[in-house]
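If you want the building blocks of each chain, they are given just below.
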Amino acid sequence: MARILIIDDEPAMVEVISTICRDMGHQAFPFNSAARAIEALPGTMPQLVVADIKMQHLTGFDVLRACNDLSQRPAVIMVTGYASVETAVEAMKLGAFDYVTKPFKIDQFQLTLQRALDFQCAVRENTILKRELKDRYKFENIVGTSSKMQQVYNLIAKVADTDSTILIQGESGTGKELVARALHFNSRRQHHPFVAINCSALPENLLESELFGHKKGAFTGAVQDKMGLFEEAHHGTIFLDEINSMAQTLQTKLLRVLQERTIRRVGDTKNIPISVRVLAASNESLHEKILTGGFREDLYYRLAVIPIDLPPLRDRPEDIPLLAQHFMQKVAAQNQTPVPKIEADAMEALTKYAWPGNVRELENAIERACALCDDSRITLTDLPAQVAQRSAAHGGEPPEPGKLPVGEPLDAYVKNLERRFIEETIHFNDGSRDRAAKMLGISMATLYRKLAN
Ligand SMILES: Nc1ncnc2c1ncn2[C@@H]1O[C@H](COP(=O)(O)OP(=O)(O)OP(=O)(O)O)[C@@H](O)[C@H]1O
Ligand SMILES: [Mg+2]
C-alpha cells in the first residue's frame, strides 16, 4: 500500500482521483490547495504525488519543486488541461514522472499510477543498494587505530572528493584495493562506475584493447567494435591495479591519456574525450623501477600527484588485535554463528608474527582458525604453524638448536627450508605461483628453479 498525495483546486477532480487510488488499495491524501499540500509533504512522505498544474496561487510546479527537495523524492504525476501540454513537458524536464491530460480514461490513469509506483519502488531499491555498497567501503571498514593508519585516513579524507590522480603503494595485502574503493565511494563520482583492472593479468596487446577498446578489424579476432574500460568508467573512477607490471609502450600511451584526457581505440584514428578519475596501485617501489629503467619517470609523476603509502602490518602490530576481532566478526556474520573468543597466547602469537602477506594473510589465518576451533574458542593450535611457532614459548626466536637436524649438510638444510617456505607461500596465495613469486620478491623462473632443488 502506497501513500499518494492528490492536489487539485477542483474538489470533484480530487474526489475522482482519490477514489481511483483507494480502489487500487492505496492510501489517498486529498488537498485542494498547493500550499497546504506542500506543508503536509514532509510529514506524509508519500511515494507518489498527483498534482494539477494550473491552480490559483501556488501551482503544480511549486509542488514539484517541494517534492524535489525531499530527502526521499516521490514520483510526481502532473495533471493538465489540453491547453497546457507544453507546460506539462516542461514539468517532465523538471523531474516529473509523467503527465496526464484531462479528461482522462480511468483505466489509463490507473496504468500511469501503477507505472509510477513501480518506478518509485525500483528507485528506492537502487538507492538502498547503493547506500549498502557505500557502507561497505566507508572508512570505518578500514580497520586500524595506529598512528600510521590515522595518517592514511586523514589523507584519504582530504583527497577522496577531488579529481586528483592517486598512486597507492604498499606490499601485497596491505589494503590497496580497499583504499581505492573508499576513495571512489567517498567522491562525487560515487554514483558512476568504479572499474578495476589488474595490469599484470593480461599480456600487453590484450591489456591495451581492454583499457582503450578497439575498432572492428584492428587485429585478428576483433570482429566488432569494442568499448574499453576507460570509456566504461566515464564520469566514474578507473583503478589500475599492479601498474608496476605495465609494459613500456603501454605506459607511454597511458601518459598521453592522462595528459590529454582523451582515449583512442586500437585501430582507430579518432580521439574520444573522457572524464575519468585515475587511481593506480603498485606493490613494489616505482622509484626503484624508475632507476632500473622499468618505469617511465614522467608517468610516475603524473600518477603520483598524491601518493598514499600503506604501511606493512609488521610496522603497526598494535592494529593486529582489532583486525583479528574485525575478521572474527566478519566470519561469524557470514556463517551466522557466535563470534569466537581468542585465547591470550593465541592473540600474542598473532601480534608477534611478521605477516609477510599483511592483512590478507591475517584474514586468511583468522578464517582458518574460526573453521578449526572447538566451542568458539581459538587456541594456539588453531593458528597456522608458522604463526604459532612465534608464540611466547619461543619468544619470537628461531627454534632451539637441539630441534634442528644437526648432522645434515648446510646446503641441503637451507635448500629444504627454502623449498618449504616457498611451498607455504604458494599455499597461502591459494596456489598462485605468480603471486607467491611477487610476495617472495623473486622471479617466476627463480621460484621454479628453487622448487626443483
Ligand atoms: N585496514 C584494513 N581493515 C580491514 N580489512 C583490511 C584492511 N586492509 C586490508 N584488509 C582486507 O585484506 C584483504 C586484502 O586487501 P586488498 O585486496 O585491498 O589488498 P591489496 O593491497 O590490494 O593486495 P594485493 O597487492 O595482493 O592486491 C581484503 O580482504 C581487505 O578487505
Ligand atoms: Mg589488490
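Quick caveat: nothing in here was measured; it's all calculated off a predicted structure.

1. Remarks on the packing of aromatic side chains
Moving on, step 1. Applying the stated criterion to the full structure yields seven aromatic pairs.
Moving on, step 2. For the ring pair Phe 97 and Phe 119, a centre distance of 5.1 Å and an interplane angle of 35° mean the geometry is tilted. Taken together, the residues Phe 97 in the loop between helix 4 (85-93) and strand 5 (98-101) and Phe 119 in helix 5 (residues 106-136) connect sequence positions 22 residues apart.
Moving on, step 3. Take Phe 97: its relative accessible area is 17%, and that puts it in the buried class.
Moving on, step 4. Relative to Tyr 301, the ring of Tyr 300 has its centre 5.1 Å away and its plane inclined at 80°; by these criteria the two rings are edge-to-face.
Moving on, step 5. Residue classification places Tyr 300 among the buried positions, given a relative accessible area of 8%.
Moving on, step 6. The class for Tyr 301 is partly exposed, based on a relative accessible area of 48%.
Moving on, step 7. Connected via pairs of aromatic rings, a cluster forms that spans Phe 185, Phe 194 and Phe 239.

2. What about helix 10 (residues 248-260)?
Moving on, step 1. Here helix 10 contains 13 residues, and its C-alpha end-to-end distance of 19 Å stays within 8% of the 18 Å for a straight helix at 1.5 Å per residue.
Moving on, step 2. Among the residues of helix 10, Leu 250, Gln 251, Leu 254, Leu 255, Val 257 and Leu 258 are the ones counted as buried. Buried residues of helix 10 fall within an arc of 160° about the axis and therefore sit on the same side.
Moving on, step 3. Where helix 10 is buried, its residues contact helix 8 (204-212), helix 9 (229-232), strand 10 (237-241), strand 11 (262-263), strand 13 (277-282) and helix 12 (297-303).
Moving on, step 4. One or two positions beyond helix 10, positive phi appears at Arg 261, with a value near 55°.

3. Observations concerning the packing of helix 18 (residues 433-440) against helix 19 (residues 444-452)
Two measures define how a pair of helices packs: the angle their axes make with one another and the distance between the axes.
Moving on, step 1. Put simply, helix 18 and helix 19 touch, their axes get as near as 9 Å, and they point 100° apart. Comparing the axis directions of helix 18 and helix 19 gives the class roughly perpendicular. Of the residues in helix 19, those in contact with Arg 433, Asp 434, Ala 436, Ala 437 and Leu 440 of helix 18 are Met 444, Leu 447, Tyr 448 and Leu 451.
Moving on, step 2. When its residues are assigned to classes, the contact of helix 18 with helix 19 shows seven nonpolar, no polar and two charged.

4. Examining the side chain of Gln 47
Moving on, step 1. Relative to the helices and strands, Gln 47 resides in the loop between helix 2 (34-44) and strand 3 (48-52).
Moving on, step 2. Since its relative accessible area comes to 17%, Gln 47 is described here as buried.
Moving on, step 3. Engagement of the side chain of Gln 47 in a polar contact is seen with the backbone nitrogen of Arg 3, the distance being 2.7 Å.

5. Things to note about the site of ligand 1
Moving on, step 1. As a matter of local geometry, ligand 1 sits amid 17 residues, with Val 143, Ser 172, Lys 176, Arg 360 and Glu 363 nearest to it.
Moving on, step 2. Here Val 143 contributes a backbone N or O atom positioned 2.8 Å from a nitrogen atom of ligand 1.
Moving on, step 3. In this structure, Glu 177 approaches ligand 1 through a main-chain N or O atom, which is 3.1 Å from an oxygen atom.
Moving on, step 4. Within the complex, the protein chains bury 87% of what would otherwise be the 630 Å² of accessible surface of ligand 1.
Moving on, step 5. Of all the secondary structure elements, the ones that give two or more residues to the shell around ligand 1 are helix 7 (176-185), helix 13 (320-335) and helix 15 (358-372).
Moving on, step 6. A breakdown of the residues in the shell around ligand 1 according to their chemical character gives six nonpolar, six polar and five charged.
Moving on, step 7. Both domains that furnish three or more residues to the shell around ligand 1 are identified here as domain 2 (150-311) and domain 3 (313-397).

6. Things to note about the state of the cysteines
Moving on, step 1. Applying the stated rule across the entire model yields zero disulfides.
Moving on, step 2. In this model Cys 21 remains outside any disulfide bridge; the closest cysteine sulfur is found in Cys 67, 14 Å from its own.

7. Some points on the domain arrangement of the chain
Moving on, step 1. Structurally, the chain comprises domain 1 (3-133), domain 2 (150-311), domain 3 (313-397) and domain 4 (405-453).
Moving on, step 2. On a C-alpha basis, the centroid separation for the pair domain 1 and domain 2 is 44 Å.

8. Overview of the pattern of salt bridges
Moving on, step 1. Applying the stated criterion across every chain yields a total of 25 salt bridges.
Moving on, step 2. The partner of Glu 260 in a salt bridge is Arg 256, and the shortest N-O contact between them spans 2.7 Å. One end of the pair, Glu 260, and the other, Arg 256, are both in helix 10, four residues apart, so they sit about a helical turn from each other.
Moving on, step 3. A residue is classified by how much of its surface remains accessible, and Glu 260, at 43% relative accessible area, is partly exposed.

Criteria and thresholds
- Residues numbered from 1 in each chain as written.
- Chains lettered and ligands numbered in written order.
- Predicted model: local features only at pLDDT ≥ 70, side-chain atom pairs only at ≥ 80, totals over all residues.
- Heavy atoms only, no water.
- Phe/Tyr/Trp six-rings, centres within 6.5 Å; stacked < 30°, edge-to-face > 60°.
- Helix = DSSP H or I, 4+ residues; strand = E, 2+ residues; numbered from the N terminus.
- Buried < 20%, exposed > 50% of the residue type's maximum accessible area, 1.4 Å probe, protein only.
- Expected span 1.5 Å × (residues − 1).
- Arc of directions from axis to C-beta.
- Contact = heavy atoms within 4.5 Å.
- Axes fitted to C-alpha atoms, helices over the stretch in contact; angles between N-to-C directions.
- Parallel < 35°, antiparallel > 145°, perpendicular 65-115°, else oblique.
- Nonpolar A, V, L, I, M, F, W, Y, C, P; charged D, E, K, R; others polar.
- Polar contact = N/O pair within 3.5 Å; in protein donor to acceptor, adjacent residues only side chain to side chain.
- Near = heavy atom within 4 Å.
- Areas by Shrake-Rupley, 256 points an atom, 1.4 Å probe, with all protein chains shown as cover.
- Domains from an automatic or database assignment.
- Disulfide = S-S within 2.5 Å.
- Salt bridge = Lys/Arg side-chain N within 4 Å of Asp/Glu carboxyl O.

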